[in-house]
Amino acid sequence: MSCDLPEIDQSKLAEMARTCACFNFRKASRSVTQLFDQILAPTGLRSTQLVILITTQLLGQSSIARLARELVMDRSTLTRNLKPLMNMGLLRFAPESGKQKAVEVTVEGQVALLRASPYWSQAQTQLVNRVGEEAWNRIMSDLNAIVEATRSSGM
């Protein structure tokens, strides 16, 4: 059985791959995640878990909805990511948090943050050194602008 599909324009696809924000941000994100995961491995935490712990510690006791907003994550994705951290005893639902359950970092979670900190510093320093401090500062500024631009447009 043959289909009468139009011919795919390889040069158009190459241009899309080269310029696509989603494709390139995800590619960069996966690469950075792999670097941090490799360096964080001795802590037993993945970079995504560390980010959740850091954010929860900074916010203090907070609802899943607020945590999801801060992390720019879907609530169901965040809930799936919270489960292993709760199973490891690093996060818990705050006692008496009412109808809207609040999450907080446990003492064990704070210990894990302290243990992970030097590994995070190593990964961060390695990345910044590879990119260069001036370029890094520009990248961080640009990333913040992109997050704000996509949030304000209702994306």
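Refer to the structure presented above.
Asks: Looking at this structure, I do not really get the overall build of the chain. What am I missing?
Replies: The secondary structure content of the chain amounts to seven helices and three strands. Starting at the N terminus and ending at the C terminus, the chain contains elements arranged as α-α-α-β-α-α-β-β-α-α. Taking 15 Å as the expected radius of gyration for a compact globule of 155 residues, we find that the chain reaches 20 Å, considerably beyond that expectation. Taken over the C-alpha atoms alone, the chain extends approximately 60 × 40 × 35 Å along its principal axes. Counting only contacts in the chain whose residues sit at least 6 apart along the sequence, the fraction spanning at least 24 positions is 53%. Surface accessibility of the chain: about 11,000 Å² in total, with carbon and sulfur atoms responsible for 55%. Here the chain contributes 18 positively and 14 negatively charged side chains, and the mean placements of these two sets differ by 7 Å.

Asks: I'm lost on the layout of surface pockets in this one. Help?
Replies: Think of a ball as big as a water molecule: rolled over the atoms, this probe shows where empty space is left. Looking at the largest pocket, its volume works out to about 2,200 Å³. Along the walls of the largest pocket sit 43 residues, with Ser-29, Val-51, Leu-71, Leu-143 and Val-147 positioned nearest its centre. Those elements that provide at least two residues to the lining of the largest pocket are α2 (21-40), α3 (47-59), α4 (64-71), α6 (107-131) and α7 (133-152). A per-element tally of the lining of the largest pocket places α2 first, with 14 residues.

Asks: What exactly am I supposed to notice about α6 here?
Replies: Given 3.6 residues to a turn, an α-helix orients residues that are three or four positions apart in the same direction. With 25 residues, α6 should cover 36 Å at 1.5 Å per step; its first-to-last C-alpha distance of 35 Å lies within 8% of that length. Where α6 bends most, the angle comes to about 35 degrees, and this point is Ala-116, followed within four residues by the proline Pro-118. Within α6 the residues assigned to the buried category are Gly-109, Ala-112, Leu-113, Ala-116, Ala-123, Gln-124, Leu-127 and Val-128. At the exit of α6 stands Gly-132, carrying a positive phi of roughly 100 degrees.

Asks: Mind showing me how you'd approach helix α5 (residues 75-87) here?
Replies: Over its 13 residues, α5 extends 18 Å from the first C-alpha to the last, a length consistent with the 18 Å expected when each residue adds 1.5 Å. Among the residues of α5, those classed as buried are Leu-78, Leu-82 and Leu-85. The secondary structure elements touched by the buried residues of α5 are α3, α4, β2 (91-93) and β3 (102-105). The first or second residue beyond α5 is Gly-89, which carries a positive phi of 80 degrees.

Asks: Quick question: what am I supposed to make of the pattern of salt bridges here?
Replies: Working definition: two side chains of opposite charge can pair if their charged atoms are close together. Considering all chains together, one arrives at four salt bridges under this definition. Its salt-bridge partner being Arg-138, residue Glu-134 comes within 3.7 Å of it at the nearest N-O pair. With Glu-134 and Arg-138 both in helix α7 and four residues apart, this pair spans about one turn of that helix.

Asks: Would you take a moment to explain a nonpolar patch on the surface for this structure?
Replies: On the surface, Phe-25, Val-131, Ile-139, Met-140, Leu-143 and Ile-146 cluster together to form a nonpolar patch covering roughly 420 Å² of accessible area. The greatest single-element share of the nonpolar patch, amounting to four residues, is contributed by α7. Relative to the assigned elements, Leu-143 resides in helix α7. Assessed through its relative accessible area of 33%, Leu-143 is described here as partly exposed.

Procedures and definitions
- Residues numbered from 1 in each chain as written.
- Predicted model: local features only at pLDDT ≥ 70, side-chain atom pairs only at ≥ 80, totals over all residues.
- Heavy atoms only, no water.
- Helix = DSSP H or I, 4+ residues; strand = E, 2+ residues; numbered from the N terminus.
- Rg over C-alpha atoms; globule rule 2.2 N^0.38 Å.
- Contact = heavy atoms within 4.5 Å.
- Areas by Shrake-Rupley, 256 points an atom, 1.4 Å probe, with all protein chains shown as cover.
- Lys, Arg positive; Asp, Glu negative; His and termini not counted.
- Charge placed at Lys NZ, Arg CZ, Asp CG, Glu CD.
- 1 Å grid on protein atoms, 1.4 Å probe; cavity = no way out; pocket = protein on both sides within 12 Å on 5 of 7 lines; lining within 4 Å.
- Points joined across faces, edges and corners; volume = space filled by probe spheres on them.
- Expected span 1.5 Å × (residues − 1).
- Bend = angle between axes of the 7 residues up to and from the residue.
- Buried < 20%, exposed > 50% of the residue type's maximum accessible area, 1.4 Å probe, protein only.
- Salt bridge = Lys/Arg side-chain N within 4 Å of Asp/Glu carboxyl O.
- Patch = residues over 30% accessible without salt bridge, like charges linked within 9 Å, V, L, I, M, F, W, Y side chains within 5 Å.

These values are about where atoms sit, not about what they do.
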